[in-house]
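Survey of secondary and tertiary structure
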Amino acid sequence: MRKLKSVTISNANLTGYVSKHLPQNLSYIDFSGNKLKGGIPTSLTMLENLEVLNLSSNAITGEIPDEFGDLISLKNVSLRSNSLSGSIPDSISAIPGLVHLDLSSNQLNGTVPGFLSKMKQLKYLNLENNALHGVLPFNATFLKKLIVFKVSGNSNLCYNHSVLSSKLKLGIAQCDKHGLPILPPASPDDSSADSQSDSSDYGDEDDSGNKEKHHGPNKVVLGVAIGLSSIVFLIVFLILLSKCCR
């Protein structure tokens, strides 16, 4: 099938391994949502025309091949939700037009490579739920150009608070002077707001309780008084009515 350019076999309970013999003219591969196992074959990295590669939600293991950067036409790659291990290969920096990179929910370790911030076309970067560690090598300028950026779920990954603001809410902790994660300190504004909120909530409950204590009995007494008055009035009315009838 030398003229075949696009293959989609997704969510089909496909088993086995990623084929080592794929047509060289392929520009689109989607094998997502299956039960494929084994590693990513190096032969796949020889598809120079490949623009989209989606192997997400399978059971693929092993490391991302060092030859991955040979996919020079690649624009969109998703290896999400597999069991990939090892580090993110430096060869990815050789893919000039990469726009979408999703490596989330694997077992990738090592540090986040700084070369990612130099990839001019990159707009979507998802590295969450892995075992990445160290200091995040990105600055605010790079993050602002991204449409999607996710790194939460990497417990040993942290960011330099002198480079990135805590207002960005990255989902990871700040780094200490040794480059290790620390618990983020409570902001004075946040703590005062929390205390005011807690105080306000507590105060509202307390006030409502006081209202019930002070005003509750008075309402009961008032109700009883009105009821008794109505009964007395009814009795007097009946007596007068009987006399008039006579």
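Computed from a predicted structure; not experimentally measured. The residue count restarts for each chain, going from 1 along the sequence in the order it is written. For this predicted model, a pLDDT threshold of at least 70 governs which residues receive local features, and a threshold of 80 or more governs which side-chain atom pairs are given and counted, while totals over whole chains, interfaces and linings are taken from all residues. The side-chain figures draw on all heavy atoms in the structure; neither hydrogens nor water molecules are used.

This part covers the packing of aromatic side chains. Only Phe, Tyr and Trp rings are paired, with Trp represented by its six-membered ring, and only when their centres lie within 6.5 Å; those with planes under 30 degrees apart are stacked, over 60 edge-to-face, the remainder tilted. For the structure on display, the rule yields two aromatic pairs. On the basis of an interplanar angle of 50° and a centroid distance of 4.7 Å, the ring pair of Phe138 and Phe142 is categorised as tilted. A single burial state applies to Phe138 and to Phe142, both of which are buried. Each ring, one from Phe138 and one from Phe149, has its centre 5.8 Å from the other, and the planes form 70°; the classification is edge-to-face. With Phe138 in the loop between strand E11 (133-135) and helix H1 (140-145) and Phe149 in strand E12 (residues 148-150), the pair connects residues that are eleven residues apart, well separated along the chain. When sorted by exposure, Phe138 lands in the same class as Phe149, which is buried. Cluster of aromatic residues (ring-pair linked, three or more members): Phe138, Phe142 and Phe149. Buried means the residue's accessible area, taken with a 1.4 Å probe over protein chains only, is under 20% of the maximum for its type, while exposed means over 50%, and partly exposed covers the values in between. Only DSSP runs of H or I with at least four residues qualify as helices, and only runs of E with at least two residues qualify as strands; both kinds are numbered from the N terminus onward.

This part covers the sheet that holds strand E7 (residues 83-86). Whenever strands of a sheet pair, they do so through backbone hydrogen bonds, lying parallel or antiparallel. Being paired, for any two strands, means DSSP has found at least two bridges between them. With respect to topology, four strands assemble into an open sheet ordered E3-E5-E7-E9, the strand pairing being parallel. Edge positions in the sheet fall to strand E3 (37-38) and strand E9 (107-108), since each has one partner strand and no second. In this sheet, E7 lies alongside strand E5 (residues 59-63) in parallel orientation, the contact comprising three bridges. Looking across to E7, one finds that Glu63 is bridged to Ser85.

To continue, consider a negative patch on the surface. Patch rule: a residue counts if its relative accessible area is over 30% and it has no salt bridge; like charges are joined within 9 Å, and nonpolar side chains (Val, Leu, Ile, Met, Phe, Trp, Tyr) within 5 Å. To measure how exposed things are, a 1.4 Å probe is used in the Shrake-Rupley method; for residues, cover is taken only from the protein chains shown. Salt bridges are counted wherever a side-chain nitrogen of Lys or Arg sits within 4 Å of a carboxyl oxygen of Asp or Glu. In this tally, Lys and Arg are treated as positive and Asp and Glu as negative; His is ignored, and so are the chain termini. A single reference atom marks each charge: NZ on Lys, CZ on Arg, CG on Asp, CD on Glu. Taken together, the side chains of Glu48, Glu63, Asp66, Glu67, Asp70 and Asp90 define an acidic patch exposed on the protein surface. Structurally, Glu67 is set in the loop between E5 and strand E6 (76-78). Under the relative-accessibility criterion, Glu67 is labelled partly exposed at 35%.

Here we come to the side chain of Asn34. Here Asn34 lies in the loop between strand E2 (28-30) and E3. In terms of polar contacts, Asn34 uses its side chain to reach the backbone carbonyl oxygen of Ser32, at 3.2 Å. Only heavy atoms matter for contacts: two residues are in contact if any of them lie within 4.5 Å across the pair. Setting aside its immediate chain neighbours within four residues, Asn34 contacts Ile9, Ser10, Asn11, Ala12, Asn13, Leu14, Ser57 and Asn58. Two N or O atoms form a polar contact when they lie within 3.5 Å of each other; inside protein one atom must be a possible hydrogen donor and the other a possible acceptor, and for residues adjacent in sequence the pair counts only when both atoms belong to side chains.

We now examine the sheet that holds strand E14 (residues 173-175). Judged by pairing direction, the sheet is mixed, and its four strands sit side by side in the order E11-E13-E14-E15 without closing on themselves. The sheet is open, and its two borders are formed by E11 and strand E15 (181-182), each paired with just one other strand. Summarising the sheet, E14 and E15 pair through two bridges and their orientation is antiparallel. From the neighbouring strand, Cys175 faces E15, where its bridge partner is Pro181.

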